Amino acid sequence: MPQDSQGLAVTMASEAAATLWNNALSGYLGYRADTPARVKALLAADPEAPLAHVLKGALAMLAFNAAYVPAARASADEAARLAGGATTRERAHIAALAAWAEGELDRALATWRHILAAHPHDVLAFRLHHFLAFWLGRPGEMAASAAAVRPAWSAAVPAFPAMLGCFAFAAEECGDHMPAERDGRAAVAADPSDLWAAHAVAHVLEMTGREEEGIAWTEALAPHWEGANQLAHHLWWHRALYHLDRGESGAVLALYDSRIRDNASPLVQSHPDLYVDVQNAASLLWRLRRLGVAAGERWEELADKAEARAGDILSAFTLPHWMMALCGAGRWQAAERWLSATRAAAAEDGQNAALVREVALPVCEAILAGARGDHARALSLIRPVAGRMVELGGSHAQQDVLWQVVLDAAMAAGDRNAVREALGWSLRRFTKPPARRAAWAAAAAWAEA
């Protein structure tokens, strides 16, 4: 039976098919824009390879778009149909994909952990677990998975830099900045095109207030991002945050138009409403809005896409960003319709629906109330769930904009205790004190007045 690059048996028709599998998996690990084409080539060469269908289905789920879920289910069904001669590991992958597509998120995570307990070199199981645990706001689970498999990994095993990048990001999200930076820099030294490792270090530099280093870091690595998928836009978003904290709003807008939300670029045109791009764009414009920097017509195209995705709750963390887009464009009636569609979707059964119902919806309602000037209502909606916002997923750097919503509502409502709670969140996660952070300085001064 053929083996993959990590020495794991794969049910495939030939060594040539296994080589194509390695190429497709490498594309996924490396955030390459041509990964779907690599999977298509694999399926053309071996349409009966169960893992090929698993990876195809996983790519559909990774888009966090409800319209793609039927395709993921179909891939899981096809993989199951072909699993007669599959290995136990491959069957577990099929079960994990099926659970994920059915919204059984904890079951999917548990299945990937089970795979890794027996096969710590299974990079697909590790990366999918890493991804979903992140978007459920569980950095501790990410770190535990990294600690469990790390003894089996070394530079002698292919894909080690990609794993180092994951180890680095898990550590960063747990606040362990020194090992995160060490592993991230080591991964990039081994593979300068490793976007996830570059991203992990970018986070460390943001959280430790080293904006000048962050600008230099992204500038030096950008030439290696050719052929990358939308994660490159997110790295440019990090670059924009460094400039934002330095008060360089002109540089932020220039990056927005040329690197983060260039609607003429092939990547944006291929997936114009991809969750991470929407998060980048809306959160950046919202941050600028708070600082009095007008975004002009930039809100309009985001608001158009928000209206079109009303009722899609697959990505809980993206929902507040859709609401920011609608508020930024001043589309109050559309925002109410969007909320109605979101409430209807969240009334259904399921783990994600409950999360949206209990946490995301109050946050979205608070954003709308605050944007319309009802700050007391905004604070009454968001303050009770603020401690649970981490469950929506996203990094500390991304969650920061939600806490800015708390901050604005509390200040406008004259509630110093609520402001101090928000300042405490910043103090626990960012090395730079709130008084020296552009988005937080006014609130820090007001709280002490």
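Here, the structure is the one placed above.
Residues numbered from 1 in each chain as written. Predicted model: local features only at pLDDT ≥ 70, side-chain atom pairs only at ≥ 80, totals over all residues. Heavy atoms only, no water.

A. Here's a closer look at the state of the cysteines. Tallied over the entire structure, the rule returns 0 disulfides. No disulfide involves Cys166; its sulfur sits 13 Å from the nearest other cysteine sulfur, which is in Cys174. Residue Cys174 is classed as partly exposed on the basis of its relative accessible area, which comes to 34%. (Disulfide = S-S within 2.5 Å. Buried < 20%, exposed > 50% of the residue type's maximum accessible area, 1.4 Å probe, protein only.)

B. How the structure looks around the environment of Trp100. Structurally, the position occupied by Trp100 is in helix H5 (residues 88–101). For Trp100, a relative accessible area of 3% translates into the label buried. (Helix = DSSP H or I, 4+ residues; strand = E, 2+ residues; numbered from the N terminus.)

C. Local environment of the pattern of salt bridges. Inspection of the entire model under this criterion finds 33 salt bridges. Glu300 serves as the salt-bridge partner of Arg331, at 2.8 Å between the closest nitrogen and oxygen. Remark: Glu300 occurs in helix H17 (residues 298–308) and Arg331 occurs in the loop between helix H18 (318–328) and helix H19 (332–346); sequence separation between them is 31 residues. For Arg388, the salt bridge is made with Glu358, and the minimal N-O distance between the two is 3.0 Å. Of the two residues, Arg388 is situated in the loop between helix H21 (375–382) and helix H22 (396–412) and Glu358 in helix H20 (residues 351–371); the sequence distance between them amounts to 30 residues. Taking relative accessible area as the criterion, Glu358 reaches 38% and is therefore assigned partly exposed. Overlapping salt bridges, with partners in common, bring together Glu300, Asp304, Glu307, Arg331 and Arg337 in one network. (Salt bridge = Lys/Arg side-chain N within 4 Å of Asp/Glu carboxyl O.)

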